[in-house]
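Below, each chain spelled out in residue letters.
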Amino acid sequence: MLSAGVAAAQAGCLEAPGDLTRPYARLPPEVTPGNPRYFATSMTLDGLATGLVVESHEGRPTKIEGNPEHPTSLGATLAQHQASVLDLYDPSRLKAVTDRGKPSSWHHLLEALTKTPGPLWVVTPSSSSPLQRWLLERLKERNDDVHSVVLPTRWAHAYQGAQLALGRPVETQLDLTQAKIIVSLDAELFSTAPMALRWAHDYTERRRSGGLDDLPRLYVFEAMLSPTGMLADHRLAVRTGDVLSICVALWRELQRRGLSLPALPSGVSIAAPKQKDSHARAAILSALADDLLTHRRRSVVAVGPAQPPVCHALAHVLNQALGNLQTTVFHTEALLAQEPEAASLADLSVAVQAKQVQKLLILDCNPVYAAPPGLALERVIRAVPVSAHVDLHRNETSRVCRFHGPLSHYLESWGDARAGEGTLSLVQPLIRPLYDSRSSAEVLAALAGEQDPSGHGQLRGSFRRLTRSGDDFEHAFRASLAQGYLAGSESPRLNLTPALTGGAVEALDRALALAHQRRDALEISLRTSPTIYDERFANNAWLQELPHPRTKLTWDNAAMMSPALADSLGVDEARVLRIEKAGRHIELPVVIVPEHAPQSISIELGYGRNAPEEPIAHAVGDNATRLTDAWLERMVYDVEVRPTDKRAELARTQQNFLEDDRELAISLSLRQFKKDPGVLKRLREDQPSTLPRTRSSEGPQWAMTIDMSVCSGCSACVIACQSENNIPAVGKHQVRLGREMQWLRIDSYRQTDTRHGPGVTNQPMMCQHCEHAPCEYVCPVFATEHSPDGLNEMVYNRCIGTRFCQANCPYKVRRFNWLHYTHRWDGMHSLQRNPQVTVRDRGVMEKCTYCVQRIRRAEHQARMEQRRIREGEVRTACQQACPTQAIAFFALQHEDLVPAKAWDSELAYGVLNHLGTRPRTRYLAKIRNVNDALEEDA
Amino acid sequence: MTAPMIIGRPTEAELNQSLLSTTWRKARKPFVLALLVTGGLTALMIFGFGYKIAKGVGVWGNNIPVGWGFPIVNFVWWIGIGHAGTFISAILYLVEQPWRNAISRFAEAMTIFAVIQAGLFPVLHLGRPWFVYWMLPYPAVMRVWPNVRSAFPWDGAAIGTYITVSILFWYLGMLPDLASLRDTAPKKSQRIIYGLLAGGFRGDATAYRHYRSAYLILAGLATPLVVSVHSIVACDFAIALTPGWHSTIFPPFFVAGAIYSGFAMVLSLSIGVRWGFKIDHVVTLRHIENCAKLALTTGLMVGYGYITEMFTAWYSADPFELYQYFHHRPGGPMFWVMLCCNIGTAQFLWFKRVRTNLKILFPLSILMNVGMWSERFVIIVNSLEREFLPSKWENYYPTWVDWSILIGTIGFFTFLFLLFLRFLPIISVAEVKELNASLREKEGQGGA
């Protein structure tokens, strides 16, 4: 017995000592049934952490919130964070170890990886986790024959650019609270950047602190309208490949105006713009150059990861010349940079061909899907005698591996990672692993032969090493766990001076020559999806069903292009396009985006999964990495595009993007607004109404304002609402029929005046809680009624499903349970449900409740403490998630609260106010800080 | 020269033979075949509704924003058809139009069967139809009454009253004929059944006196219902805010449309019955022509309604109304089907040659009802498809279940009507005899 135990320990088998499950016969003192508890943890996305606070009901994590104290969350979250809780309960997760498809054990898997003679290769995604790096080091230390392959980070170009300009890879930190002029060169500052939440927060703060007289101005140059572009004051749609020319042109404009910039070699030529948009381009660049020079030290030039390294290098120099360094732009140590001599997948492939790889462990990544097809990774992995894949699901990579091991979800694991600005963030489990799964750290620790391979023990070890703490370790560790991060651990700012080196000039010459050569070529621009992010979340039904911020497409990716390109290709919407490159092809439906750059097709990644074991992800859309020849190749040329005779069935939640003269989503330039500040008064005034009035003066009168100026359409609110309120996903077919269930949708309207701004205004639309609610008087059974505190309430039990309320709701925010939608999500998924929200049955109506459960919970708390509800005490799920704080929830009596002041401000108005519904949700008109030089003709 | 109300002056025995014997005659093959077909369609309807109850409203094409689709279209259409019966038997009775006698019975039967079809929908279109009784004012433990501000409880009351009065009126009118059937039935079982149904009506003067006053009172009660029922159904839409619904002309507009579709259906049925039962001498061209004239009149009212609707929308200058009336509706096929079938076909009825030519009139009457169905579709579905927020503009596509139920109710209606033709006196024989006698008397005087 004893020897068996020793053998197990040597093989790294986990045996949790004395762990028993116990019923709640005797309650732990800190638990009150029905009251949720909150724990801090972190989620890693592309190797960098965001601090979260997770709501747990009797041991079940149910809802993700941002950690308000964590520097890269500040309380907000992305849609992907919100949705990650669903992945925990995904019933298609791997549940046990298998060996060639037959049941096996961790013991066997680890034994095969340790006992089989020969070198071991470990493939991991790029990660900032000190623990993981330490474990890999230990593994290599203890075993000469271990080679570690870290997949390239998405920010590789930024690092290479910093290498060119600064001599070393760095993280570029922005302080947007100080930035007056922000230039985004294809940089998704507010959606997929690792610091997106922080930047979105800071941008809003900057906007609000200065008031209307000192608004920041955002210039965006990009191909496809991104959430960042949605906030732009000026946006120019350029091909992703032309952004570099824009950067160079801006450089020259600044130089011409006397800014001391190193001269670019005269041979450098810029891809000439098409005659048609050259005027707009020249005007915006000239205005931007003037703006940058008037606001020195208070501007930011940011570059996106798809741009070539040299573009990043130029931006570094520009920021330096504009005096932004150390005021709005800072540099810190790179968090994901790899040692130059690190092995790559290509090295693995070579080694496999040389029969030098006996054992292969692929941990927490799916390279077979994500790698460019040229690597032929499938064949490479198959050739390895002992291969193991440890991941959440059985997927493309597992299929070619011998062992499949279930990976623990981050809500089941101990671990750590650095946030975008360096803060050490801790990952603490909310629940014991649901299946026989292990975290990456546990697998690596077991391989390294650690004494205590448990994730907890490893994290403690790593933390102790990092903090060099002695006696105070316990205290420091516990405090950090409670807080979710180690206070004061952000990377120190570096003092580096960018310079345009010879290498950079050479690279620029090459890049521009290439750009010139391709100036008329059709470009395929690959993007991180704003909904499913990448292949990791493809099996997440909430994200698959999340309408794309611009196209409102669900359950698909598409070839997004400008109307002009669609015309020249002779295709219309939903026509399936065949895009071919070097014998590889993908087929995607056309979606026309008027704001898209000409001669460019944008395609989002993460789709086209070939994974029958992931039923939600399988065969949705097509995989555009098949067109690439190298990792991180985000612009593809020399493709052959031709329409097929097929038409795709697209599931879009909004078909019509024009509001005509309906005054719904109001967007004004600052000058227009200042000319007539009372312009919105009539859209705010009380209208005569024959509808029964239900306003009461008792108790707090709840209300909401939504600031459209800062709504980027990122859709974190939509998923937050879905997660909080037990809203089922309904599937592509039902969405096609117009039956999506999300209580909160984001309407997008194209402006007819598209001379500046993004041309699109986002309007989050949910129940408006009308004081004169049209839905209430038509319900024959009083199933929808008004509460004394101003909520339009839905009584599910009483609803018989006449749908009269839905017919009479002018905002069309009511959702009906056409079929038994929730039953599809029974079983494992039902563990995610919020016990404080009723799960609705077939045949009843539902809609936004202003998160009534949160209001009532706060009321109970206040009553127990014998006080009134505090101002700002109740926060709705959408409000809490919103990175730009566009949504504010308050009681009308709380007049001191800033949002309550906004309620009666000149910017506030009610949608469809003329109907006399007196909505309790008011919108603040979108104000675009248009550059005067560009507004003349407006 | 108008056609006579009764051709020839048949004796009472002859009338009995031709009008009552339909009940004993052996069913002919085409009749049995028709019964089988419509019975099959009824089964289809039951299956459609059953499938919906089992699965949910989602088996239909409804969505957000079009929460009401085929079921409510069918409901309004059927209830409209159910209007002509009462109009003929009550209003024409009160204004002493003797030509009504020959067609009143099956027009009333048509009313009842149409209202039965209509009544299925408000119940079965619910998300949870098993709780339909919550719409009724009953002493519930929770003391929750229906919301009287909603038009649905009004509907319940209006339709409930209408079907009750219609059945009573129909049954009361049938008493003398049921008594005749009892007296002439060849089999004992039939004598017992019809005897029970006749409720002891003997045909003596006292019975007739009571019968007459009861009939008059019921006619008086039924008359306002002709106007009220569809006015209230119209309120389901008129009380809402939706552009295309929110209109004060809806009640009279709906009533005109209802009577129009009702007369179209009476035309279809009387032409069919005449042909099937060889009763040309009782249901003469005079009846057909009068019905056609009434259809023309109400058709013109409907046309006027369209003009007023469009004018009001234009005059309001409300962008939401303008879009609905001048962009969306004319952009779809149903609007044009509606105009052609309702307004276009009615214009043919100006011509006597058309009014008296059954081969033209029959298809016209069918087209009129197609037109009326389209009108309901245009009003309900098109309005919902394009409401206030363009972001939530969606189109509506019915499913096979929707079609099954629509076709199924037509089958069920016909099935019930065929059963009526088989087992009950299809013509108000007593009244025809009376009319016959009075005409003879008049002729006798004229001749003398």
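Residues numbered from 1 in each chain as written. Chains lettered and ligands numbered in written order. Predicted model: local features only at pLDDT ≥ 70, side-chain atom pairs only at ≥ 80, totals over all residues. Heavy atoms only, no water.

I keep staring at the overall build of chain A and nothing clicks. Help me out?
A tally of helices and strands in chain A yields 29 helices and 40 strands. At 28 Å, chain A has a C-alpha radius of gyration in line with the 30 Å of a compact globule built from 938 residues. Seen through its C-alpha atoms, chain A measures out along the principal axes to roughly 85 × 80 × 65 Å. Looking at chain A residue by residue over its 938 residues, the buried ones come to 65%. Nonlocal contacts in chain A, meaning residues at least 24 apart in sequence, comprise 75% of its contacts between residues at least 6 apart. Carbon and sulfur atoms make up 50% of the accessible area of chain A, which amounts to about 33200 Å² in all. (Helix = DSSP H or I, 4+ residues; strand = E, 2+ residues; numbered from the N terminus. Rg over C-alpha atoms; globule rule 2.2 N^0.38 Å. Buried < 20%, exposed > 50% of the residue type's maximum accessible area, 1.4 Å probe, protein only. Contact = heavy atoms within 4.5 Å. Areas by Shrake-Rupley, 256 points an atom, 1.4 Å probe, with all protein chains shown as cover.)

Please clarify how the overall build of chain B should be interpreted in this entry.
Each helix and strand in chain B was counted, giving 16 helices and zero strands. What you see for chain B is a C-alpha radius of gyration of 23 Å, in line with the 22 Å of a compact globule of 448 residues. The principal-axis extent of the C-alpha atoms belonging to chain B is close to 75 × 55 × 40 Å. The burial tally for chain B puts 59% of its 448 residues in the buried class. The contacts of chain B with a sequence gap of at least 6 include a subset with a gap of at least 24, amounting to 82%. With an accessible surface of roughly 18100 Å², chain B has 72% of that area assigned to carbon and sulfur atoms. Of the side chains in chain B, 35 bear a positive and 23 a negative charge, and the two mean positions are spaced by 9 Å. (Lys, Arg positive; Asp, Glu negative; His and termini not counted. Charge placed at Lys NZ, Arg CZ, Asp CG, Glu CD.)

In this structure, what is going on with unusual backbone geometry? I would like to understand it.
Glycine aside, negative phi is the norm for most residues, and most peptide bonds take the trans geometry. Each neighbour pair has its own omega, and for Ile-64 of chain B with Pro-65 of chain B the value is 15 degrees, a cis peptide bond. Checked against the element boundaries, Pro-65 of chain B lands in the loop between helix 2 (29-55) and helix 3 (70-81). The phi dihedral of Ala-619 of chain A is positive, around 55 degrees, even though this residue is not glycine. By the element assignment, Ala-619 of chain A lies in the loop between strand 25 (600-604) and strand 26 (635-636). Classification of Ala-619 of chain A by relative accessible area gives exposed; the value is 55%.

How should I be thinking about the pairing of strand 17 (residues 415-418) of chain A in this particular structure?
On any regular strand, side chains alternate: one points to one face of the sheet, the next to the other face. All names here are of chain A. Here strand 17 shows a buried face lined by Gly-415 and Ala-417 and a second buried face lined by Asp-416 and Arg-418. Pairing geometry for strand 17 and strand 18 (residues 424-427), over four bridges, is antiparallel. Paired with Gly-415 across the strands is Val-427, a residue of strand 18. In textbook terms, the turn of a hairpin is the stretch between consecutive antiparallel strands, and for strand 17 and strand 18 this stretch comprises five residues, one of which, Gly-422, has a positive phi near 105 degrees. (Pairing = 2+ DSSP bridges.)

Explain the nonpolar core here, please?
Across soluble globular proteins, nonpolar side chains have a tendency to be buried as a group. In this structure, Phe-417 and Phe-420 of chain B are the most contacted members of the largest nonpolar core, which totals 258 residues. By residue number, the principal contributor to this core is helix 9 (residues 250-277) of chain B, which donates 16 residues. Not counting residues up to four positions away in its chain, the partners in contact with Phe-417 of chain B are Phe-106, Ala-109, Met-110, Phe-113, Leu-269 and Val-273 of chain B. Val-238, Ala-287, Val-303 and Leu-318 of chain A belong to the second-largest nonpolar core, a separate cluster that totals 44 residues. (Core = buried A, V, L, I, M, F, W, Y, C linked by side-chain atoms within 4.5 Å.)

Just checking my understanding: could you explain the packing of helix 9 of chain B against helix 15 (residues 400-423) of chain B for this structure?
Helix packing for two helices is described by the angle between their axes and how far apart those axes are. Residues and elements named next belong to chain B. The N-to-C vectors of helix 9 and helix 15 enclose an angle of 45 degrees; their axes lie 13 Å apart at closest approach. Accordingly, the angle class assigned to the pair helix 9 and helix 15 is oblique. As helix 9 packs across helix 15, the resulting crossing turns out to be right-handed. Counted together, Met-265, Leu-269, Val-273 and Phe-277 of helix 9 and Phe-413, Phe-417 and Leu-421 of helix 15 form the full contact between these two elements. Of the residues in the contact of helix 9 with helix 15, the class split is seven nonpolar, no polar and no charged. (Axes fitted to C-alpha atoms, helices over the stretch in contact; angles between N-to-C directions. Parallel < 35°, antiparallel > 145°, perpendicular 65-115°, else oblique. Left-handed = near helix turned anticlockwise from the far one by under 90°. Nonpolar A, V, L, I, M, F, W, Y, C, P; charged D, E, K, R; others polar.)

So what exactly am I meant to see when it comes to the confidence of the model for chain B here?
Close inspection of predicted coordinates is inappropriate for parts of the model with low pLDDT. Within chain B, residue pLDDT values average 88, and 98% of them lie at 70 or more. Predicted complex metrics record ipTM = 0.91 and pTM = 0.91. (pLDDT = per-residue confidence, 0-100.)

Teacher, can you tell me more about the sheet that holds strand 20 (residues 523-527) of chain A here?
Two pairing modes exist for strands in a sheet, parallel and antiparallel, and in both the strands are linked by backbone hydrogen bonds. All names here are of chain A. In space, the seven strands of this open sheet follow the order 26-20-25-22-24-23-27, with mixed pairing throughout. One side of each edge strand has no neighbouring strand; the edge strands of this open sheet are strand 26 and strand 27 (640-647). Across two bridges, the pairing between strand 20 and strand 26 is antiparallel. Across the sheet, Ile-524 pairs through a bridge with Val-636, a residue of strand 26.

Even after reading the chapter, I still don't get the environment of Arg-353 of chain B, so can you show me in this structure?
Residues and elements named next belong to chain B. The residue Arg-353 is located in helix 13 (residues 352-355) in this model. For Arg-353, a relative accessible area of 74% gives the class exposed. The spatial distance from the C-alpha of Arg-353 to the C-alpha of Leu-197 is 43 Å, given a sequence separation of 156 residues.

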